[in-house]
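# Structure assessment
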Amino acid sequence: MTYKIIASQCTVCGACEFECPNAAIRLKNDMYIIDPKKCTECEGHFDAPQCAAVCPVPDTCVPA
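Thresholds applied
Residues numbered from 1 in each chain as written. Predicted model: local features only at pLDDT ≥ 70, side-chain atom pairs only at ≥ 80, totals over all residues. Heavy atoms only, no water. Helix = DSSP H or I, 4+ residues; strand = E, 2+ residues; numbered from the N terminus. Rg over C-alpha atoms; globule rule 2.2 N^0.38 Å. Buried < 20%, exposed > 50% of the residue type's maximum accessible area, 1.4 Å probe, protein only. Contact = heavy atoms within 4.5 Å. Polar contact = N/O pair within 3.5 Å; in protein donor to acceptor, adjacent residues only side chain to side chain. Disulfide = S-S within 2.5 Å.

### Digging into the overall build of the protein chain
Along its length, the protein chain carries 2 helices and 4 strands. For a compact globule of 64 residues, the expected C-alpha radius of gyration is about 11 Å, and the protein chain comes in at 10 Å, within 12% of that figure. When its C-alpha atoms are laid out on the principal axes, the protein chain stretches across 30 × 20 × 20 Å. In the protein chain, which comprises 64 residues, the proportion classed as buried is 30%. Sequence separation of 24 or more characterises 59% of the internal contacts of the protein chain that already satisfy a separation of 6 or more.

In structure tokens form, the structure reads like this:
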């Protein structure tokens, strides 16, 4: 599975982009998106997806 960012809740703070160990998160048209081909839910790197862990807005980075 992969994660996605709920665009309507995203504050575009950028915290998630720098925490992603797979460089799966990028800025596109002033919104952050997660590339599903690169997202591994941080498996092998962390115990939990870091995008969800560092996001200041609850339930913005969620399973797709």
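### Considering the side chain of threonine 60
Tracing the backbone shows threonine 60 in the loop between helix H2 (50-54) and strand S4 (61-63). The exposure class of threonine 60 is buried, given its relative accessible area of 2%. There is a polar contact of 3.1 Å between the side chain of threonine 60 and the side chain of glutamine 9. At a separation of 3.0 Å, a polar atom in the side chain of threonine 60 contacts the main-chain carbonyl oxygen of valine 57.

### Quick word on the state of the cysteines
Within the structure shown, the criterion is met by 1 disulfide. The side chain of cysteine 51 participates in a disulfide bridge whose partner is cysteine 61; the two sulfur atoms lie 2.3 Å from each other. The S-S bond linking cysteine 51 to cysteine 61 shows a torsion near -70 degrees; that makes this disulfide left-handed. With a gap of 10 residues between them, cysteine 51 in helix H2 and cysteine 61 in strand S4 connect regions that are remote in the sequence. Relative accessible area serves as the criterion here: at 9%, cysteine 51 is assigned to the buried category. The closest cysteine sulfur to the non-disulfide-bonded cysteine 16 is located on cysteine 10, 6.2 Å from its own sulfur.

### Topic: the environment of proline 21
Within the secondary structure layout, proline 21 lies in the loop between helix H1 (15-19) and strand S2 (25-28). Residue proline 21 is classed as partly exposed on the basis of its relative accessible area, which comes to 31%. Residues proline 21 and proline 58, spaced 37 residues apart in sequence, show a C-alpha to C-alpha distance of 21 Å. In contact with proline 21, not counting residues within four places along its chain, are Cys42, His45 and Phe46.

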